[in-house]
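Reading the structure
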Amino acid sequence: YSFHFFQETHFQFVTEICRHTSKQKKVWRYVEEGSLLKLKSYLRKHKDVGMNFSQGKRQRSLLHLSCSQGDDAILRLLLKHGADPLQRDRNEDTPLHLAAKRAYYDDLVIPLRKHCPAALDAPNKAGVTPLDLLQGLNFGQVRSCSRKHREQAEEEERRCRELHSRLEREHREYLERAVRKEDETKRGKKRRYEERCAETFSKSTSSGVETSSMLGYDDIPWPSPRGSLDEMLAVMLHGADRSDIPTFRKLLRQQQALWHPDKFSQRCGGRLLERDRQKILDTVTALSQELNRLAQSLR
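Just so it is clear, the model here is predicted, and its values are computed rather than measured.

**As for helix α12 (residues 274-297)**
In an α-helix, one turn spans 3.6 residues, which is why side chains three or four residues apart end up on the same side. Over its 24 residues, α12 extends 36 Å from the first C-alpha to the last, a length consistent with the 34 Å expected when each residue adds 1.5 Å. All of the buried residues along α12 are Asp 276, Ile 280, Thr 283, Val 284, Leu 287, Ser 288, Leu 291, Leu 294 and Ala 295.

See below:
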């Protein structure tokens, strides 16, 4: 019984170690890739992942890795989740040693120093502390490195602004082209409408015409053959300046005369095919009423 209990306990122990190792590998990869959002999401879901393991020949921790890459955002996230600033690598360097060597003062040194002031005086294998390294740098070097990092950030921000500006300009140009295209389409519809009106209504209205010249519903020069009344009005009145009331009213009167039921019957009544006659007259009446309603609204 004791032997089986030992086997089972050992198996559970090994399984648990493997599970933690898998999680640690994933965290290490996210830090190595600089994937801040993925790391943040993973740590939120897996709060049991230890932050203070070391890896590789140099025996470096996650903080060592983030400092060697100069990634201040990930460094701050690791500190928030309990990473130890005093953890040593093979040379007994702390993460602050690496930060001081890279001279990323504002980005790396200050967060580590603030989180663990004692790390400044922690000696490595050679007896050198991060404070020694920082004092060995002259202010001009630190300022130069900080300025270079700041310039890189400003350059990235400038490129983002330029990209945003270009995308806005292209979107604006696209909308302008779409408006022009729509206007060209409407002008084309109005031109074809006027041409068909001139052709259809100028023909003889005598009752002695041949059947081939008779008019079905589709032969009538509707402004928008398959459209609603509103769409028909939009075509026939396209381009009109509605703020110029006298001119707009004159255009309306022309269309009212063209589609007045009595006048339409005088021009085309004898040419309508019987199967479509009622449908044609109903549409003419409805169109005439819409024109009259619009004219009434101008008074």
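Let us keep going from here.
**Some thoughts on a positive patch on the surface**
Taken together, the side chains of Lys 40, Arg 44, Lys 45 and Lys 80 make up a positively charged region of the molecular surface. Of the residues forming the positive patch, the biggest block, three residues, is contributed by helix α2 (residues 36-45). When you line up the elements, Arg 44 lands in helix α2.

**Some details on the packing of aromatic side chains**
Two measures describe an aromatic ring pair: the distance that separates the ring centres and the angle between the ring planes. For the structure on display, the rule yields seven aromatic pairs. Each ring, one from Phe 201 and one from Phe 264, has its centre 6.1 Å from the other, and the planes form 90°; the classification is edge-to-face. Within this pair, whereas Phe 201 is found in helix α8 (residues 139-201), its partner Phe 264 is found in helix α11 (residues 261-268), the two being separated by 63 residues in sequence. Exposure class is identical for Phe 201 and Phe 264. Each is buried. Seen in terms of ring centroids, Trp 259 and Phe 264 are 6.1 Å apart; in terms of plane orientation they differ by 20°. Their pairing is stacked. Like Trp 259, the residue Phe 264 is buried in the burial classification. By way of ring pairs, the aromatic residues Phe 201, Tyr 217, Trp 222, Trp 259 and Phe 264 are connected into one cluster.

**Focus: the state of the cysteines**
Formally, a disulfide is one covalent bond, and it connects the sulfur atom of one cysteine to the sulfur atom of another. Tallied over the entire structure, the rule returns zero disulfides. Cys 197 takes part in no disulfide bond, and the closest cysteine sulfur to it belongs to Cys 268, at a distance of 9.6 Å. Judged by its relative accessible area of 8%, Cys 197 is buried.

**Some points on the packing of helix α10 (residues 245-259) against α12**
Put simply, α10 and α12 touch, their axes get as near as 9 Å, and they point 160° apart. Judged on the interaxial angle alone, α12 and α10 are roughly antiparallel. Along this stretch, α10 crosses α12, giving a crossing that reads as left-handed. Two secondary-structure elements touch here, α10 through Phe 248, Leu 252, Gln 255, Gln 256 and Trp 259 and α12 through Val 284, Leu 287, Ser 288, Leu 291, Asn 292, Leu 294 and Ala 295. Residue classes in the contact of α10 with α12 are distributed as eight nonpolar, four polar and no charged.

**Focus: the UniProt feature "repeat: ANK" (unreviewed entry) in the protein chain**
The positions UniProt marks with the feature "repeat: ANK" (unreviewed entry) are residues 58-90. The distance separating the terminal C-alpha atoms of residues 58-90 is 5 Å; by composition the span is 48% helix and 6% strand.

**Topic: the nonpolar core**
Membership of the largest hydrophobic core comes to 31 residues, with the highest contact counts inside it found for Val 27, Val 31, Leu 39, Met 51, Leu 62 and Leu 78. Looking at this core, the elements with two or more residues in it are α1 (2-33), α2, α3 (62-68), α4 (72-80), α5 (95-102) and α6 (105-115). At five residues, the largest contribution of residues to this core is made by α4. Beyond its immediate sequence surroundings of up to four residues, Val 27 is in contact with Leu 39, Tyr 42, Leu 43, Val 49, Met 51 and Leu 62. Listed in part, the 25 residues of the second largest apolar core include Leu 233, Phe 264, Leu 272 and Ile 280.

What counts, and where the lines are drawn
Residues numbered from 1 in each chain as written. Predicted model: local features only at pLDDT ≥ 70, side-chain atom pairs only at ≥ 80, totals over all residues. Heavy atoms only, no water. Helix = DSSP H or I, 4+ residues; strand = E, 2+ residues; numbered from the N terminus. Expected span 1.5 Å × (residues − 1). Buried < 20%, exposed > 50% of the residue type's maximum accessible area, 1.4 Å probe, protein only. Patch = residues over 30% accessible without salt bridge, like charges linked within 9 Å, V, L, I, M, F, W, Y side chains within 5 Å. Areas by Shrake-Rupley, 256 points an atom, 1.4 Å probe, with all protein chains shown as cover. Salt bridge = Lys/Arg side-chain N within 4 Å of Asp/Glu carboxyl O. Lys, Arg positive; Asp, Glu negative; His and termini not counted. Charge placed at Lys NZ, Arg CZ, Asp CG, Glu CD. Phe/Tyr/Trp six-rings, centres within 6.5 Å; stacked < 30°, edge-to-face > 60°. Disulfide = S-S within 2.5 Å. Axes fitted to C-alpha atoms, helices over the stretch in contact; angles between N-to-C directions. Parallel < 35°, antiparallel > 145°, perpendicular 65-115°, else oblique. Left-handed = near helix turned anticlockwise from the far one by under 90°. Contact = heavy atoms within 4.5 Å. Nonpolar A, V, L, I, M, F, W, Y, C, P; charged D, E, K, R; others polar. UniProt positions renumbered as here; feature names shortened; annotations may be inferred. Core = buried A, V, L, I, M, F, W, Y, C linked by side-chain atoms within 4.5 Å.

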